[in-house]
Amino acid sequence: MARTAQTPANSGAPGDYVVFVGKDHLGEGDVTLGRNLMKMALRTFAEADEPPAAVLFANGGVLTLTAAEPPELPEALRTLEARGTRLVGCRSCLDFYEALDQVHVGTVGNMAQILREMRAAAKVITL
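As a starting point, this report considers the structure included with it.

Cut-off values and rules
- Residues numbered from 1 in each chain as written.
- Predicted model: local features only at pLDDT ≥ 70, side-chain atom pairs only at ≥ 80, totals over all residues.
- Heavy atoms only, no water.
- Helix = DSSP H or I, 4+ residues; strand = E, 2+ residues; numbered from the N terminus.
- Buried < 20%, exposed > 50% of the residue type's maximum accessible area, 1.4 Å probe, protein only.
- Contact = heavy atoms within 4.5 Å.
- Right-handed = clockwise from strand over helix to strand, strands pointing away.
- Pairing = 2+ DSSP bridges.
- Axes fitted to C-alpha atoms, helices over the stretch in contact; angles between N-to-C directions.

## Some remarks on the environment of R35
No. 1: By the secondary structure assignment, R35 is in helix α1 (residues 31–47).
No. 2: The exposure class of R35 is partly exposed, given its relative accessible area of 39%.
No. 3: Remark: the alpha-carbon pair of R35 and D24, spanning eleven residues in sequence, is separated by 6.3 Å.
No. 4: Setting aside anything within four residues of it in sequence, one finds R35 in contact with D24 and H25.

The structure is reproduced here in structure tokens:
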């Protein structure tokens, strides 16, 4: 059946894709612009009809996006979590940054879990 304006795209449940966040900014060039773009991307995923099944954080992404407290990022991540998206931060990365006790959203996982999530997904989007 073709999708029309009257036919919702889906129920709002998480989709069959995951998002991998390996740094605190999106793209290359100006870091301030990149951080703003990352905020917009996460907010867009949080507001999507079909949010990701999981958002997976490693390296600089895990520190800035799950352990730090910028005002708008945790809200987008809390929204994703409330909608059923799994948020998984890399334990080795958190240990490296001495931030394991600072995690505000999601769960702490390991690289095996992150890679399992990626292999199980129909699509992996890397930011």
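## Some thoughts on the side chain of E117
No. 1: Position of E117 relative to the elements: it lies in helix α5 (residues 111–120).
No. 2: Here E117 falls in the buried class, since its relative accessible area comes to 12%.
No. 3: Aside from chain neighbours lying at most four places away, what touches E117 is V18, A54, L56 and R86.

## Here we look at the pairing of strand β2 (residues 54–57)
No. 1: Because side chains alternate across β2, one face comprises the buried residues A54 and L56, and the other comprises V55 and F57, equally buried.
No. 2: Assessed by its sense of winding, the connection that carries the chain from strand β1 (residues 17–21) through α1 to β2 is right-handed.
No. 3: As paired strands, β2 and strand β3 (residues 86–90) are joined by four bridges and run parallel to one another. Bridge assignment links V55 to a residue of β3, and that residue is L87.

## Describing the environment of L87
No. 1: Residue placement: L87 occurs in strand β3.
No. 2: C-alpha separation for the pair L87 and T66, spaced 21 residues apart in sequence, amounts to 8.7 Å.

## Quick word on the sheet that holds strand β5 (residues 123–126)
No. 1: Reading across the sheet, the five strands line up as β4-β3-β2-β1-β5 and stay open at both edges, with parallel pairing between neighbours. Every other strand in the sheet has two partners, leaving β4 (107–109) and β5 as the edge strands with one partner each. Recorded for the sheet is a direction-independent mean angle of 25° between the axes of neighbouring strands.
No. 2: Bridge analysis of β1 against β5 gives four bridges, and the strand direction is parallel. Looking at the pairing, V19 lines up with I125 of β5.

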